[in-house]
Structures are given as C-alpha cells and as structure tokens.
Amino acid sequence: MQKLDAVLLCLAGGFVLAFSAAGQTIAVDVSRPTNHFVPKETLGAGVDRIAVEAIDKDLQQPTLETTLASGWQPVTYRQNTELAVEAWHWNPQGTWSDASGKGYFTSSATPTETIRYSYGYALPRRGFTRNDGTDNVGFSRLTDGDLNTFWKSNPYLTERFTGESDALHPQWVVMDLAQVQQIDSIRIAWAEPYARRYSVQYWTGDDPIKAVTRGVWQTFPRGTITDGKGGTETIRLSSSPAGVRFVRIWMTESSNSCNVDGAAGPKSTDPTLNDPRNCVGYAMRELYLGTVTKDGFHDILRHTPDQEQTTTYCSSVDPWHRPSDLGSTKQAQMGFDLFFTSGVTRGLPAMVPVAMLYDTPDNAAAEMAYLKKRSYPISYVEMGEEADGQYMLPEDYAALYLQWATAIHRVDPALKLGGPSFQGVNKDIEVWPDANGKVSWTERFVDYLRQHGRMNDLAFFSFEHYPYDPCKTPWGMLYDEPELVGHIMKVWHEDGIPMDTPMFITEGNLSSGASETYQDIFAGVWLADYIGSVLNSGGKAIYFFHYLPLQMEPGCNNSPGTFGMFTVDANYQIQQSLAQFFVAQLINLEWVQSSGGEHEVFAANSDVGDGAGHELVTAYAVKRPDGNWGVLAVNRDQQNAHRVRIAFNGPADKESSFAGPVEVSTFGSAQYQWHPAQTRFMAHAENAAQPTIVATTRGTADPDGPIVHTNLTAEKDTLYDLPPASIVVIRGRIGGR
C-alpha cells in the first residue's frame, strides 16, 4: 500500500509545499458511458498555411519524427486563404474562365507533376476594409478613391445559381464612420450590375458588426429606392441632417446587366460576350456620404487604398481575379501531394477543405477529382473557413453549401461533408434578425438545410475553440474550460444540430493570439482539461493547432509565442519541447491506447475544491480496449499538491478501485518551468518597419521534462499524488471491494 503520511514536496524553484493532509476522492461513474471514440479517428492535429521554408524543413527528419512523437494521429488540412479574402489555386496548374487569362480559376483535376505548394490570390472586387481574418491587411474598393475599381457581390448567391429570388439572399454593404456624424445624403457610383431595389439604413445601437442584437436597422425617411437606374445616384435621405455612425445599403433586386469583361468598361448588349457571373449580383465603384447644400455635395468619407480609408464591410465578394493578384509566395498552403506523401498524415485518412466563400463549385469538384485520382484517403471534407468571421449571413453560407455539396457529390457521393468551421467562440453566434425574428446563425443555417431537404448533406458539424482573449489569462481562467466547451456544444444542439450529427473541433488552442502563455505550464494544464472535456461532452474529433513547428511570433503585448509544441532555431531545428508536447504524449500515449479500437468515456469528478466553488482537481476516465482503465487527473491548483483516492462507482452502489499493477505518469510544474524572454522598449524603431519591443534573450524552459513514470501496486485505499499544476495519468485494471 502507498504510504499515507503527509509529505513535503520540494520544487525546482526552491519553495516547499505540503500535500493535502487528508485524502480526497475522484469518483468515476461507471454506470453508463458518456461517449465513445477511436483515437486514430478522434485525437488529431491541424496543418495550416505557413512559411515555405517551414514546410520544407518541418517535413524532414528528425523534426517530423519528433513531431509525430506527440501522438496526435488524424490530420486536418486548414484552409487559410478564405480568411485573407483570397481565391485558392490548390493546384497552380489550371484554366481561367476568360480566354485572355483572368476571371474564375479552376485548378486542374489531372495529376501531373507533384504539387508541393499552393497559393492564394487577392480578390480585386473586395468590399472589406478588414474582417476577422484579414486583420489590418488589404482594403475595400468601396472607399479606395478609384472609380476604375469596384466591389461586387458573389454571383453564386443570385437566382441564377440558387434557384431562389434574390430577395431571399439580400446583399449589403456597411460603412463605419468611426463616430457619430451628421448626414442627410448618400452618393453611390454603381458599376454593372447595379441595384434596382435597395434601402439605405442607419443603425440605432452601438455596433451592428460586433453587437448585432443591440440595436436595429432603421431605413432613412427617403431611403427606399424601388427604381434604381445605376450610374452615379445621389439620394437625399432626409430633410435635415441626422447623427449616425453606421450606414447600410440593403440590396434586394439586381439589374442583371453586364459589361464586356467584368471591368469598369462600357456596358455590352451582347450577353455572349460576358461570363454570366459578371452579370448578376451587385457592383459599386465608390461610396460617398455626407450632406447636400446649395454649394453641392459635402462628402465625409475618407477615400484611400489602405487601412486608413473609411471602414466598410460587405455581405460577400466575387471570386473573380487575375494572375497579377497572386500575393507573396514566401508562405503557402502545403501542396496536396506533399501533404499526403510526406508522412505527416501517418497514412491515415485526412480531413481536407474546399474553399467556398471565395471560390467556385467547379474548383471544389476538381479538387475532389484530383484527390480521388491520386487515391489519397479522405475522412471528411470541410466546407469553407470561418463564415461567421467573414460576416456572412447563414442563408448565404447555406446556399453556397448546397451548390458545393451537389458539385462534390457528383464526383463522389460517398464523401462526408460538413462545416461551417466557426471561429473559436464561447456563446451562440448571433446575426441580424430575419423576418421571423430569429438571430441564431446555427439555427437559421439548419432551418435552410431542412427547408431544402438537404440535412443529409451535413455529415458533421465543425467549429473552432479558442476560449480565452489574448493576454487575458490569469491562472483562475483554467477553472472555466470544462464548462466553456461543454456549454457551447450544448448550445449547438439547442440550435438544432441533431444529436446524432458528429461534432468536431477542427482547430483549437488557448487563444487566437500566440504569447508567452503558450509556452507556460498553464497551456499544458489547459490542454488536458480541454481534451478531456470535449470527449466527456460527446465530441467526436478534436484537432490540436498547430501540428508542425513554427518560429516564435509577436503576440499580444508583444509577447513572443508559438502555436506549435516546440521552440526551433532559425533553421527550424527543434530546440526544446514545450509543455503542450508533453501533455499531448500523456493524452495520446498514456491515457488512451493509441493503436486501440473503441474507447468508452465515463464521467468523473472530485471533491477537491478551493472554497469558492471551483473544482481544483478535474478528472476524465476511459475504458480502453486492452481492458485497462485510464484516469486523466488534472490538478489546477498551482500552489498545492493533493492526494486522492480513486473510486469507480457502479450501479446498486457498488464501488471498485484500481487493483494490482498500476502505472502512474506525471508531468507538472516540477518537471517543467518556462522562463520568459527579456525585452527592452524603444520609443521609436531603430530601423524602418521593425518592432519597438525587442527581445534581448530567448525564452527557455528549465526544467524541460521528461514525464515521470512510476509503478505501484494498487489497493482499495491507495492514494495517488497530484503535484501542483500537474497532469497525472493513472492506468491499470480495476477490481471489486
């Protein structure tokens, strides 16, 4: 039997902590499982667009071998070009819709040379100044000061492609004036096609983009237009100026008129000269807003082709582009051939994406045909990337989803499709209310699929999980994770996602911005709680982000961080394993049977609390195919160790415990401590475009592992040591009383 006396624990930092004097209990409810999963299908990681140099070097040995040693198995290929409002040439070889070499691009479905990299092409008809993907890069053509450029909505959201009235998919643009301004008039320089019916509205609340239910869109007294003529229209919206900050143009009927080649050229009366996609939707060259007096129109917008322009948002963007719109080739999406042959997928079926928000169904179908011809194993296809962060209304996303699903299933009816790959949110996603007052994005998306008889096309529901705001992670935030992830999954079901539709978290980590917190033991403790909570809540797949090693990057508060599990040198050689690498090993190689089949998950809880309602010790239990039980115990108490007994409680009040040989694997603050980089501040950069916060030392972990393994013989009253800030896996068989 393990010794029961209270003992002292001496940590590397030189301070002494005492174990809790009295034994406490982790209780596992074995009456029924809460979930079941197979590790090689469930516990995975994601690969995203990264530096070309990183692609080349991360896939070499021994770097790849060390990465695979984390134990993550299935891989999801993330699709970053959608976030940047770019069209994705997943195969650099392909054809343009316009014979002159521009328009809508379809990558070649014919395998020839190995695809090592693929790239995104900026969209010249963009209407965003910024969104939740572009950050502070790029600009809108609505306020760029150039009448030769224009914004155009996505043609695939028009009646020609949806089969529904354009009024069911209204397109819109929003102007943010940054502060309340007095306006009474708007001037719109339309391109082709233009809006015949539209309304000009103002927002009565604070922020219609970030707080969509705290206010309403009110149409200006003279803001309803039923017979728009195109050209440049100046509209007196009210008899006297009114104070507003946000203005929206809501378009419901198009002229469906064409120009010669989709540029700002003369109108053509010969439809055979035009790609039909250029002739549907809505297009604007420039917007002006202000007041009209006897002296003329007084514009208050800022027109400039950069981030200083008056900010605009839009409903969608036409994926038309040109070869010259290719951005930097120093970063790339990994080529599919390299992805599937490099070893990073372990030969397992992988989740692959299709670009949908800024692409064509033909390109998506060609992608599936290419992968099929190469015989690459595909588990799932994720449709688009973070439509909520692109401010796309759910009916628009759903309309695209069905068109893409139809095209993809013509190639292979057996492919399992899903989405919408929500951003990492902790609460229901809300949008401006529809005609029935519904504001839930998910509920309206599901309604659309059901109304069209297409729920079978949703084989899984996907979302991301970045629970914490960057640089707002005090230790106590750890207590929130199990409730956060369990709550959001419950919300999706309440919104209408069927209980038998698998839920996947296809990308997740601490927060959307890297920082020193990512390297701290905090990140490891969080990861264990996160994975255990998702599985306990019924999740069917979780993908850690980011799988491959990355360089440190400036994070919040200029704190250097990495989404990866390692620090690397300038040549991408791994220097140190970080806390999340060791915890990944605990989860994938100790807690579960990595090569095993179906595991059952059972609910567990502890009576170790802090007196303020927080559970200091959380636990997650699995019954493995090899007959062993694994208990993943997380001590979120950063100052105190705890000793616990483990009880397996069954029906009729029968209690069991570990019995016989038990292996205990421990990783915590005694095995790992991160020492942050030292920095210095400069009032102004020493060299152009360089940061003003400069690191003078590199951050380092000392100690830096390894996991501690111990063996003991368990009996009914055996107590298990949980050091401060630690993750402990106890694995063995159980016996009766």
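**Structural notes on the environment of L616**
Phase 1 of the analysis: In this fold, L616 is placed in the loop between β34 (604–606) and β35 (617–623).
Phase 2 of the analysis: Residues L616 and R322, 294 residues apart in the sequence, show an inter-C-alpha distance of 56 Å.
Phase 3 of the analysis: Beyond its immediate chain neighbours, meaning those up to four positions away, L616 contacts Y479, V608, G609, D610, V634, N635, R636, D637 and H642.

**Notes on the sheet that holds strand β18 (residues 242–254)**
Phase 1 of the analysis: Across the sheet, 5 strands lie side by side as β16-β15-β18-β13-β21; this open sheet has antiparallel pairing. Whereas interior strands pair on both sides, the edge strands pair on one side only; in this sheet they are β16 (217–225) and β21 (311–314). Direction aside, the axes of adjacent strands within the sheet are offset by 25° on average.
Phase 2 of the analysis: With 4 bridges connecting them, strand β13 (residues 171–183) and β21 associate as antiparallel partners. Pairing of V173 across the sheet is with C314, part of β21.

**Digging into the packing of helix α6 (residues 361–374) against helix α7 (residues 394–411)**
Phase 1 of the analysis: Running from N to C, α6 and α7 cross one another at 30°; their axes reach a closest spacing of 8 Å. As the angle between them shows, α6 and α7 are arranged roughly parallel. Crossing angle aside, the handedness with which α6 passes α7 is right-handed. Between α6, through P361, A364, A365, M368, A369 and K372, and α7, the contact on the second element is made entirely by Q403, W404, A407, I408 and V411.
Phase 2 of the analysis: Across the contact of α6 with α7, the residue classes tally to 9 nonpolar, 1 polar and 1 charged.

**Notes on the packing of helix α9 (residues 481–494) against helix α10 (residues 521–536)**
Phase 1 of the analysis: Running from N to C, α9 and α10 cross one another at 35°; their axes reach a closest spacing of 9 Å. You can see that α9 and α10 cross each other, and the crossing is right-handed. Every residue of α10 that contacts α9 at E481, P482, V485 and M489 is listed here: W526, D529, Y530, S533 and V534.
Phase 2 of the analysis: Counted by class, the contact of α9 with α10 contains 6 nonpolar, 1 polar and 2 charged residues.

**Brief notes about the sheet that holds strand β11 (residues 117–122)**
Phase 1 of the analysis: Spatially, the 4 strands line up as an open sheet ordered β6-β22-β11-β8, and their pairing is antiparallel. Looking along the sheet, the strands with just one partner apiece sit at the ends: β6 (50–51) and β8 (86–89).
Phase 2 of the analysis: As paired strands, β6 and strand β22 (residues 331–334) are joined by 2 bridges and run antiparallel to one another. Paired with A51 across the strands is Q331, a residue of β22.

**Notes on the state of the cysteines**
Phase 1 of the analysis: Taken as a whole and judged by the stated rule, the model has 2 disulfides.
Phase 2 of the analysis: Here C258 pairs with C279 through a disulfide, and the sulfurs are 1.9 Å apart. Taking the torsion about the sulfur-sulfur bond, which here is approximately 125°, the covalent link between C258 and C279 counts as right-handed. Here the residue C258 occupies a position in the loop between β18 and β19 (283–293), and C279 occupies one in the loop between β18 and β19, the gap between them amounting to 21 residues.
Phase 3 of the analysis: Covalent S-S linkage joins C471 and C556, the inter-sulfur distance amounting to 1.9 Å. Taking the torsion about the S-S bond as the criterion, the C471 to C556 disulfide, at about 95°, is right-handed. Here C556 lies in the loop between β29 (553–554) and β30 (560–561) and C471 lies in the loop between β26 (460–465) and α9, a separation of 85 residues in the sequence.
Phase 4 of the analysis: Residue class for C556 comes out buried when judged on its relative accessible area of 15%.
Phase 5 of the analysis: With cysteine numbering restricted to those in disulfides and following the sequence, the protein chain has the pairing 1-2, 3-4.

**So, the nonpolar core**
Phase 1 of the analysis: M383 and W492 are the most contacted members of the largest nonpolar core, which totals 199 residues.
Phase 2 of the analysis: When residues in this core are grouped by element, the largest group, 11 residues, is from α10.
Phase 3 of the analysis: In this view, M383 contacts V354, M356, Y397, Y401, W404, A405, I408, L417 and G418; residues no more than four positions away in its chain are not counted.
Phase 4 of the analysis: Formed by 6 residues, the second largest nonpolar core is a distinct cluster that contains M351, Y380, F460 and F504.

**Concerning α7**
Phase 1 of the analysis: With 18 residues, α7 extends 26 Å from end C-alpha to end C-alpha; this agrees with the ideal 26 Å at 1.5 Å per step.
Phase 2 of the analysis: Counting buried residues along α7, 15 of its 18 residues qualify, which places the element largely inside the surrounding structure.

**With respect to the pairing of β35**
Phase 1 of the analysis: Counting buried residues along β35, 6 of its 7 residues qualify, which places the element largely inside the surrounding structure.
Phase 2 of the analysis: The loop that links β35 with its antiparallel partner strand β36 (residues 629–635) comprises 5 residues; one of these, G627, has a positive phi angle of about 95°.

**Description of the packing of aromatic side chains**
Phase 1 of the analysis: Scanning the entire structure with this criterion turns up 48 aromatic pairs.
Phase 2 of the analysis: Aromatic side chains F566 and F581 sit 5.1 Å apart centroid to centroid with 50° between the ring planes, which places their arrangement in the tilted category. With F566 in strand β31 (residues 566–568) and F581 in helix α11 (residues 579–591), the pair connects residues that are 15 residues apart, well separated along the chain.
Phase 3 of the analysis: For F566, a relative accessible area of 0% translates into the label buried.
Phase 4 of the analysis: Ring centres of F658 and Y720 lie 6.3 Å apart, and the angle between their planes is 70°; this geometry places the pair in the edge-to-face category. Of this pair, F658 sits in strand β38 (residues 655–668) while Y720 sits in strand β44 (residues 720–722), and the two are 62 residues apart along the sequence. Just as F658 is buried, Y720 falls in that class too.
Phase 5 of the analysis: Each member of the aromatic cluster is reached from another via a ring pair, and the members are Y77, W88, W90, F336, F339, F340, Y370 and Y376.
Phase 6 of the analysis: Note that R141 overlies the ring of F139, its terminal NZ or CZ placed 4.2 Å from the centroid.

**Some remarks on unusual backbone geometry**
Excluding glycine, residues mostly have negative phi values, and the peptide bonds linking residues are mostly trans.
Phase 1 of the analysis: Here the bond from E192 into P193 is cis, since omega is -5°, no more than 30 degrees from zero.
Phase 2 of the analysis: Within the secondary structure layout, P193 lies in the loop between β14 (185–190) and β15 (195–203).
Phase 3 of the analysis: Note that the residue after G419, namely P420, is joined by a cis bond; omega there is 10°.
Phase 4 of the analysis: Even without being a glycine, S421 presents a positive backbone phi close to 55°.
Phase 5 of the analysis: Mapped onto the fold, S421 is located in strand β25 (residues 417–422).
Phase 6 of the analysis: Given a relative accessible area of 0%, S421 falls into the buried group.
Phase 7 of the analysis: Notably, A725 is not glycine yet its phi reads approximately 45°, a positive angle.
Phase 8 of the analysis: With respect to the helices and strands, the residue A725 is situated in the loop between β44 and β45 (726–735).

**Considering α6**
Phase 1 of the analysis: With 14 residues, α6 extends 20 Å between its outermost C-alpha atoms, agreeing within 8% with the 20 Å of an ideal straight helix rising 1.5 Å per residue.
Phase 2 of the analysis: Within α6, 10 of the 14 residues are buried, which leaves the element mostly enclosed by the surrounding structure.
Phase 3 of the analysis: Looking at α6, one finds that the buried residues are P361, N363, A364, A365, A366, E367, M368, A369, Y370 and L371.
Phase 4 of the analysis: S375 occupies a position one or two residues after α6 and carries a positive phi of about 60°.

**Considerations on the environment of V30**
Phase 1 of the analysis: Position of V30 among the secondary structure elements: in the loop between β3 (24–29) and β4 (35–37).
Phase 2 of the analysis: Classification of V30 by relative accessible area gives partly exposed; the value is 23%.
Phase 3 of the analysis: As for V30 and T204, which are separated by 174 residues in sequence, their C-alpha atoms are 54 Å apart.
Phase 4 of the analysis: Those residues within four positions of V30 in sequence are excluded, and the remaining contacts are F602, W629, F648, N649 and G650.

Quick notes on the rules
Residues numbered from 1 in each chain as written. Predicted model: local features only at pLDDT ≥ 70, side-chain atom pairs only at ≥ 80, totals over all residues. Heavy atoms only, no water. Helix = DSSP H or I, 4+ residues; strand = E, 2+ residues; numbered from the N terminus. Contact = heavy atoms within 4.5 Å. Pairing = 2+ DSSP bridges. Axes fitted to C-alpha atoms, helices over the stretch in contact; angles between N-to-C directions. Parallel < 35°, antiparallel > 145°, perpendicular 65-115°, else oblique. Left-handed = near helix turned anticlockwise from the far one by under 90°. Nonpolar A, V, L, I, M, F, W, Y, C, P; charged D, E, K, R; others polar. Disulfide = S-S within 2.5 Å. Buried < 20%, exposed > 50% of the residue type's maximum accessible area, 1.4 Å probe, protein only. Core = buried A, V, L, I, M, F, W, Y, C linked by side-chain atoms within 4.5 Å. Expected span 1.5 Å × (residues − 1). Phe/Tyr/Trp six-rings, centres within 6.5 Å; stacked < 30°, edge-to-face > 60°. Lys NZ or Arg CZ within 6 Å of the ring centre and 35° of its normal.

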